[in-house]
Amino acid sequence: MGAISDEKSKVSLLQDVEYLTKILDDVLLHEGGEPLLDIVKQIRELSTKVRETEDNESQKQIKQTIKELDPGSRQNVIRAFAIHLHLLNIAEQNYRTRRRREYQAQDADIIQPGSLEAGVKQLFDNNVTPEQITELLEKLSLELIMTAHPTEATRRTILQIHKRIANLLTSWDYAVTRYSKKMIKERIANEITILWQTQEIRQNKPSVMKEVSNGLYYFDHVLFDVLPRVHDDLEDLLYEKYKQRWNIPSFLRFGSWIGGDRDGNPNVKATTTFETLKCHRELVLRKYNEALDTLKDRMSHSDSNVNVSDEILESIKKDQKELNENGWHKEDEVYRVKLSLMLKKLEYTANDDERGYQKSEELLADLYLIRESMKLHHPKSNPIKLLRKVIRQVDLFGFHLASLDIRNHSGEHESALKEVLKNVNITEDYSSLNEEDKVKTLIQILENPRPMISIYDEFSPETLEVIDTFRMIKRAQDTFGIRAIEVYLISMTSAVSDLLEVLVLAKEAGLYRVYPDGKVVSKIHVAPLLETIDDLKNGPGMIKQLFDIPLYRKHLEARGELQEVMLGYSDSSKDGGNITANWELYKAQQEIHEIASSYGVKLKYFHGRGGSLGRGGGSLYSSILSQPPITLGDGVKITEQGEVLSSRYLLEDIAYRSLEQATSTLMTSIVGINDQTANDPQPTKEEEEVM
C-alpha cells in the first residue's frame with residue numbers, strides 16, 4: 001500500500017510540474033511573444049537531453065544559443081528559467097505535503113518515516129518505559145536561532161507570491177468542479193504574471209529593522225501556530241500509545257540573532273536591539289489579543305448550565321474592581337467575562353500601563369484558572385484544544401516572542417576594558433598583560449562589589465557602545481522578561497580572559513554580582529564561539545581552565561549548572577577544509593562534554609551551521625544525527641540561516657514536517673534507539689587515531 005502511494009505521488013508531482021510549466025509558458029508568450037517562448041523551450045529541451053544523455057554537442061549548442069542572444073533577451077531567458085525553478089520547488093513542496101496527507105489516509109500501521117508518530121512508535125516498540133519517557137522529556141530541548149544573511153536577497157513580496165501559488169496548487173488537489181479548477185488556474189496565471197512583472201531582488205541592502213521585520217514574518221504567519229501543534233501532537237501521540245498523559249515541557253523554541261548580532265552587522269547598536277525587542281513584544285501581544293478574542297467567541301458557557309470554580313469567580317471580582325470594568329455584558333457567561341477582562345489587561349500591557357500584566361506568567365496564570373475551571377464540567381478525555389494551544393503559546397513566547405542572542409567580537413570587550421581599567425587606575429595597559437595576569441586582574445574585579453564605571457565618566461564612542469549594550473540587556477530583561485536576552489556570545493574566543501571580560505562588563509550593568517557571603521547572582525549565559533581549527537583544538541583545555549576557577553563555577557551554579565558553547569562550521573571549514581573541520585568539531589564536542597561531565601556541568605552545544613553544505617548546512621534532522629549522541633541530552637541549539645528560512649518556514653505543512661523530523665530524531669537519539677545512528681556506529685579508538 002505504501003508503494004502504491006509512492007507511485008501515485010510521483011505521478012502527481014509530474015502532473016503539477018507540467019501544469020505549472022504550461023501556465024508559465026502562456027505567461028511568457030504574453031510577455032515576450034513567440035521568440036521568447038521558442039528560445040526558452042529550445043534551451044529547456046536541450047538541457048533535458050544533456051541531463052539524460054550527457055550529450056556534449058547539446059551542451060555546446062546551449063552555450064552558443066545563449067551567447068548569440070542580445071542582452072535584453074538573455075536577461076528575459078534567465079528570468080524565465082529562474083521563475084521556472086521556483087515553480088518546480090513549489091511543486092516539490094506540494095508533493096511533500098501530499099505525501100504526508102496520503103500517509104495519514106492509510107491504515108494505522110503505515111506511518112510516515114521520521115514523523116512524530118514514527119518516533120513515538122519507535123519508543124514504544126523498543127520498550128522505553130513511562131519512567132524513561134518522563135526522563136526523556138526532561139532532557140528534550142531544541143532551540144533554533146534565526147539569522148539574517150546577505151545572500152538572502154529575495155524580497156518578502158516575492159515570497160508571498162510563492163506562498164499564494166503554493167496554496168492555490170494545494171487547492172487544485174481538492175477541486176472537484178470545472179468551475180473551481182478554472183478559477184484556480186486563472187489565479188495561478190495571474191500570480192505568475194505578477195511574479196514576472198515584479199522586481200525579484202532588493203536593489204539596496206536592507207536596514208537592520210527591515211531584517212527584523214522579515215524575520216518576524218515567519219513568527220506571525222507560521223511559527224506562532226506550528227510550534228504549539230508539534231507539542232500538542234506529541235502529547236496526544238504519547239497518550240495514545242502509553243495511555244498516560246504527560247505535561248510536555250516547551251522543548252522546541254525559536255530565538256534570533258537579527259537585531260542582536262553586532263559582530264555580523266556593525267549597524268546593530270544598543271538602541272537597535274531594544275527597538276527589535278519592542279517589535280517582538282508588539283507582535284506577540286497582537287497575536288495574544290487575536291487568540292483570546294477567538295477563545296471569547298467560542299467559550300459561551302453559562303453558569304446557569306455548568307458549575308465553574310470559586311477561584312475564577314474571585315479573580316473576576318478582583319479584575320473588575322482593579323480595572324473598573326465589567327468585562328462582558330452577559331454576566332452568566334463567566335469565561336467571556338474573564339477573557340474580556342484579560343483582553344483589557346493586554347491592552348494596558350501594550351501601553352505600559354501598570355494595570356496591565358507585568359509579566360507573561362500572570363497571563364498564563366489566568367489561562368490556568370480557566371483550564372482548571374473547565375475540568376469541573378468538560379470531558380477530560382476531550383480537552384478544548386484551542387485553550388490548550390493558547391496556553392502553550394504564552395508558555396513558549398512569553399512577552400518577548402523569541403530570545404535574542406547578543407554577539408560581539410572578543411576584541412571589542414578587551415578594548416573597552418582597557419579604557420575603563422586605565423580610567424580607574426587598575427592597570428595602565430590591560431591589553432599588554434599576559435593571560436595569567438589578565439585572569440588574575442579580572443577575578444579581583446569580579447570579587448569586588450564596587451562598580452568601576454560612573455554615569456559621569458567619559459569614554460570613546462566605541463567603549464561607550466559596549467557599555468550601553470550591557471546596560472540595554474539589563475533594561476531589556478526588566479522590561480520584556482528574563483528570557484528576552486539570555487545568552488551573550490563571544491566571537492573569536494581563544495582564552496579564558498575573553499569570557500571573564502564579558503562577566504566584568506555584565507557586573508557593571510547589574511547583570512552579575514558577588515555578595516559579601518560569596519553568593520553569586522548571574523542573569524546572563526556567557527558562551528564562547530570556537531571558530532577556527534586552532535580554537536577547536538584549544539577549546540577543551542580552555543574550558544577546563546575556566547571550570548577550575550571557583551568564581552566561574554559559582555556563576556555556572558547561578559545559571560543552573562549550564563554552559564553553552566558555540567561551534568562555527570563555516571569558518572572552520574574555510575580554515576581547514578570540510579573533512580578536517582568536521583573531524584575537529586566532532587572531537588572537540590566529545591572532549592569538552594567529558595570535561596563538563598567531570599565537573600557536573602550540563603553542556604549545550606550551539607551549532608553555527610550555514611545554509612549551504614559547504615558551510616555545514618543540510619536538513620535539521622541530519623544536523624542532529626551528525627552529533628555525538630552523548631552531547632544531545634543537555635539541549636541542542638542550531639542556527640537557521642537567512643537563506644534557508646523561506647524554504648523551511650514559508651508554508652505551515654513544510655515547517656511542521658521539518659520540526660517533527662527534528663523532534664523525532666532528537667527523541668530517539670537521546671534514548672539510543674535511532675535507526676540511522678544504530679546502523680552507523682561511533683568511531684573506534686583505532687579509527688580516531690587514524691584520523
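Residues numbered from 1 in each chain as written. Predicted model: local features only at pLDDT ≥ 70, side-chain atom pairs only at ≥ 80, totals over all residues. Heavy atoms only, no water.

## Considering the pattern of salt bridges
Working step 1: Within the structure shown, the criterion is met by 53 salt bridges.
Working step 2: The closest approach of N and O atoms between Arg101 and Asp173, which form a salt bridge, is 2.9 Å. Within this pair, whereas Arg101 is found in helix H3 (residues 71–105), its partner Asp173 is found in helix H6 (residues 156–174), the two being separated by 72 residues in sequence.
Working step 3: Assessed through its relative accessible area of 30%, Asp173 is described here as partly exposed.
Working step 4: Residues Lys287 and Glu290 are paired through a salt bridge, measuring 3.9 Å at the closest nitrogen-oxygen approach. With Lys287 and Glu290 both in helix H9 (residues 270–298) and 3 residues apart, the pair spans about one turn of that helix.
Working step 5: Taken together, the shared-partner salt bridges in this structure form one network comprising Asp232, Glu235, Asp236, Arg245, Lys385 and Arg388. (Salt bridge = Lys/Arg side-chain N within 4 Å of Asp/Glu carboxyl O. Helix = DSSP H or I, 4+ residues; strand = E, 2+ residues; numbered from the N terminus. Buried < 20%, exposed > 50% of the residue type's maximum accessible area, 1.4 Å probe, protein only.)

## So, the environment of Val128
Working step 1: Note on placement: Val128 falls in the loop between helix H4 (116–125) and helix H5 (130–139).
Working step 2: Owing to a relative accessible area of 8%, Val128 belongs among the buried residues under this scheme.
Working step 3: Ignoring any residue separated from it by four or fewer positions in sequence, one finds Val128 in contact with Leu123, Ile133, Tyr242 and Ile673. (Contact = heavy atoms within 4.5 Å.)

## Digging into empty space enclosed by the protein
Working step 1: Scanning the model with the defined rule gives 1 cavity of 30 Å³ or more in all.
Working step 2: One number sums up the size of the largest cavity: a volume of about 50 Å³. (1 Å grid on protein atoms, 1.4 Å probe; cavity = no way out; pocket = protein on both sides within 12 Å on 5 of 7 lines; lining within 4 Å. Points joined across faces, edges and corners; volume = space filled by probe spheres on them.)

## Regarding the pairing of strand E10 (residues 602–608)
Working step 1: For E10, a buried count of 6 out of 7 residues is recorded, marking the element as mostly surrounded by other parts of the structure.
Working step 2: Looking at chain direction, strand E9 (residues 562–568) and E10 are connected through 7 bridges and run parallel. Paired with Gln563 across the bridge in E10 is Leu603.
Working step 3: The pairing of E10 with strand E11 (residues 636–640) spans 3 bridges and is classified as parallel. Directly across from Tyr605, in E11, lies its bridge partner Val636. (Pairing = 2+ DSSP bridges.)

## So, the packing of helix H12 (residues 360–374) against helix H13 (residues 385–397)
Between two packed helices, both the angle of their axes relative to each other and the distance between the axes serve to describe the pair.
Working step 1: In the contact formed by H12 and H13, the axes pass within 10 Å of each other and the chain directions differ by 160 degrees. Here H12 lies roughly antiparallel to H13, going by the angle between them. Our pair here, H12 against H13, has a crossing hand that is left-handed. Along its contact with H12, which presents Ser360, Leu363, Leu364, Leu367, Tyr368, Ile370, Arg371 and Met374, the element H13 presents Leu387, Val390, Ile391, Val394 and Asp395.
Working step 2: When the residues that make up the contact of H12 with H13 are grouped by side-chain class, the tally is 10 nonpolar, 1 polar and 2 charged. (Axes fitted to C-alpha atoms, helices over the stretch in contact; angles between N-to-C directions. Parallel < 35°, antiparallel > 145°, perpendicular 65-115°, else oblique. Left-handed = near helix turned anticlockwise from the far one by under 90°. Nonpolar A, V, L, I, M, F, W, Y, C, P; charged D, E, K, R; others polar.)

## Structural notes on unusual backbone geometry
Working step 1: Positioned with a positive phi, Asn324 is a non-glycine residue whose angle comes to about 55 degrees.
Working step 2: Along the chain, the position of Asn324 falls in the loop between helix H10 (310–323) and helix H11 (334–350).
Working step 3: According to the relative accessible area criterion, Asn324 is exposed, its value standing at 70%.
Working step 4: Phi angles above zero are rare outside glycine, and Glu561 is one such case at about 55 degrees.
Working step 5: When you line up the elements, Glu561 lands in the loop between helix H19 (550–558) and E9.

## Considerations on the sheet that holds strand E5 (residues 487–491)
Working step 1: An order of E3-E2-E1-E11-E10-E9-E8-E5-E4 is seen for the 9 strands of this open sheet, with the pairing classed as parallel. At either end of the open sheet lies a strand with only one pairing partner, and these are strand E3 (403–404) and strand E4 (406–409).
Working step 2: The strands touched by helix H18 (residues 533–547) are strand E8 (525–530) and E9; relative to E8, the strand with the most contacts, the crossing angle is about 155 degrees.

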